[in-house]
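Below, each chain spelled out in residue letters.
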Amino acid sequence: MELGFIGVKFSGKSTLFELLTGNHFEILRTGLAESRRGRVVVPDPRVETLSGIFKPKKTTHATFNCIDIMGIPSGNRHDTSSKYLEAVRQVDGLVAVIRVFEGYGDDGKAVTIDPPGEIRHLEEEIQFADLVVVESRLEKVEHLKQRGAPQYDKHEHDILIQCKEALDEGIPIRKISFPEEDKKRIRGFQFLSAKPFLAVLNCSETRYQERETYIREVKEKFPNMVVTAVSALSEKEIQELEEEDRDLFMEELGIDEPAIHHVIRAAYEGLGLLSFFTVGEDEVRAWTLRQGLTAPSAAGVIHSDLEKGFIRAEVISYDVFMETQSIAKAKANGQVRLEGKDYVVQDGDILNIRFNV
Ligand SMILES: Nc1nc2c(ncn2[C@@H]2O[C@H](COP(=O)(O)OP(=O)(O)OP(=O)(O)O)[C@@H](O)[C@H]2O)c(=O)[nH]1
Ligand SMILES: [Mg+2]
């Protein structure tokens, strides 16, 4: 899974990125723009608990990649942002980092704090970037049609027209309900406005105390948006303190939970994800999967051979496992189920894939 951090200039994307990734990253280059990719470990206390029980050689949490791009200029619209946004074309979800702290913008003027306005601006930018892609693709397709070329694909043409019509009206592609069989195709176009879009309100210490008001304001304007609030800079400063001082400062600032929990939870909700586990003496490991997918897909996340040779999955949920804390006892109790290829994996499932190579 990969998340792309977008936002206006100086909204705190890099601050949040450094906080979540512990400032380990690689530099990416797409055209003229530079961006950074880093890995975020998904916090999950169930992994530590399982590790305590199995005492494996290795314990592995689920991870996410995050991409930090340059900010979108506030005044100068469209042209430059499309270029920066290229770096997040392939991500699974966009995280909009919204500025909720005072200071100056890239135009040298004092910023107005306006989360819904900023979200709208970002939506316009990603839709514009998509419109550029749709129009250039449409031009090619229409040219093929005129020439009567065998590569002409009427279905693709129809999809593109539908996308263009939505974008012309300011509707993101994610709002169009395409039939299931078209969804893969839509993903292939890598439209930005087709991706899940989450908002993280990056607040100053004082504004963080009023975060509920800002969240409500955003929800009123964008009812279905997944939105959460953090105070990235304060947390980054706290991270640099001695361990014993950290909790004290977090409490003082009213930060009940680290930013990473907020962002990951929002990402799980916004992208419709779940975690499942594999356990054993060698390794206890958490994996990420889209909700609604079946056991063979989960097997495929572990290794493509496991998906190809999938026979059955032994399944027990984390909560049921915790009653005995032993796979052998759970098996004796009949608590470990044998599921086939249609089984829909649930959050917290502990899986053992039986397969053929
Ligand atoms: N007061 C305050 N300043 C912040 C906060 N978060 C970030 N900043 C400051 O704002 C400036 C920009 O932060 P960055 O994290 O670099 O912002 P960015 O979104 O990555 O900026 P670009 O990559 O240039 O678009 C830095 O000087 C940060 O220290 C905050 O919560 N409060
Ligand atoms: Mg930055």
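This text follows the structure it describes.
Anyway, here's the lowdown on the structure attached to this text.

Conventions adopted
Residues numbered from 1 in each chain as written. Chains lettered and ligands numbered in written order. Predicted model: local features only at pLDDT ≥ 70, side-chain atom pairs only at ≥ 80, totals over all residues. Heavy atoms only, no water. Helix = DSSP H or I, 4+ residues; strand = E, 2+ residues; numbered from the N terminus. Rg over C-alpha atoms; globule rule 2.2 N^0.38 Å. Buried < 20%, exposed > 50% of the residue type's maximum accessible area, 1.4 Å probe, protein only. Contact = heavy atoms within 4.5 Å. Lys, Arg positive; Asp, Glu negative; His and termini not counted. Charge placed at Lys NZ, Arg CZ, Asp CG, Glu CD. Core = buried A, V, L, I, M, F, W, Y, C linked by side-chain atoms within 4.5 Å. Pairing = 2+ DSSP bridges. Axes fitted to C-alpha atoms, helices over the stretch in contact; angles between N-to-C directions.

1. With respect to the overall build of the protein chain
- Within the protein chain, the secondary structure is distributed over 15 helices and 13 strands.
- For the protein chain, the C-alpha radius of gyration of 23 Å lies close to 21 Å, the compact-globule estimate for 357 residues.
- Each of the three principal axes of the protein chain carries a C-alpha extent, and together these read 65 × 65 × 35 Å.
- Looking at the 357 residues of the protein chain, the share that counts as buried comes to 47%.
- Taking the contacts inside the protein chain whose residues are at least 6 apart along the sequence as the reference set, 68% of them involve residues at least 24 apart.
- Positive and negative side-chain charges in the protein chain, numbering 46 and 61 respectively, have mean positions lying 6 Å apart.

2. Here's the deal with the nonpolar core
- Judged by nonpolar contacts, the single largest core of 38 residues is most densely connected at L3, F5, L16 and F64.
- Per-element tally for this core: the top contributor is helix 11 (residues 259-271), with eight residues.
- In contact with F64, not counting residues within four places along its chain, are M1, L3, G38, R39, V40, V42, I264, A267, Y268 and L273.
- In terms of nonpolar packing, the next biggest core, distinct from the first, is built from 37 residues, Y84, L192, A199 and V227 among them.

3. Some details on the side chain of T60
- Tracing the backbone through its elements, the reader meets T60 in strand 4 (residues 58-60).
- T60 gets classed as buried once you look at its relative accessible area, which sits at 17%.
- Once residues within four sequence positions are removed from consideration, T60 is found in contact with V47, E283, V284, R285 and A286.

4. Quick word on the pairing of strand 7 (residues 197-203)
- For strand 7, the buried fraction is high: seven of the seven residues fall into the buried class.
- Because side chains alternate across strand 7, one face comprises the buried residues F197, A199, L201 and C203, and the other comprises L198, V200 and N202, equally buried.
- Relative to strand 8 (residues 226-230), strand 7 runs parallel, the two sharing five bridges. Each residue of the ladder has a partner; that of N202, found in strand 8, is V230.

5. A word on the sheet that holds strand 6 (residues 93-100)
- Ordered in space as 2-3-5-1-6-7-8, the seven strands form an open sheet in which the pairing is mixed. In this open sheet, the two strands that pair with only one neighbour each are strand 2 (26-30) and strand 8. The sheet shows a mean angle of 30 degrees between the axes of neighbouring strands, taken without regard to direction.
- Where strand 3 (residues 33-41) and strand 5 (residues 63-68) come together, six bridges link them in antiparallel fashion. Paired with R36 across the bridge in strand 5 is D68.
- Sheet contacts for helix 8 (residues 211-221): strand 6, strand 7 and strand 8; angle to strand 8, the most-contacted strand, approximately 160 degrees.
- Sitting on the sheet, helix 11 is in contact with strand 1 (2-6), strand 3, strand 5, strand 6, strand 7 and strand 8, with an inclination near 175 degrees to strand 8.

6. A word on unusual backbone geometry
- Even without a glycine there, the phi angle at K55 is positive, about 45 degrees.
- Secondary-structure assignment places K55 in the loop between helix 2 (45-54) and strand 4.
- Positive phi outside glycine occurs at Q325, with the angle close to 55 degrees.
- Examined against the element boundaries, Q325 turns out to sit in the loop between helix 14 (318-324) and helix 15 (327-332).
- For Q325, a relative accessible area of 38% translates into the label partly exposed.

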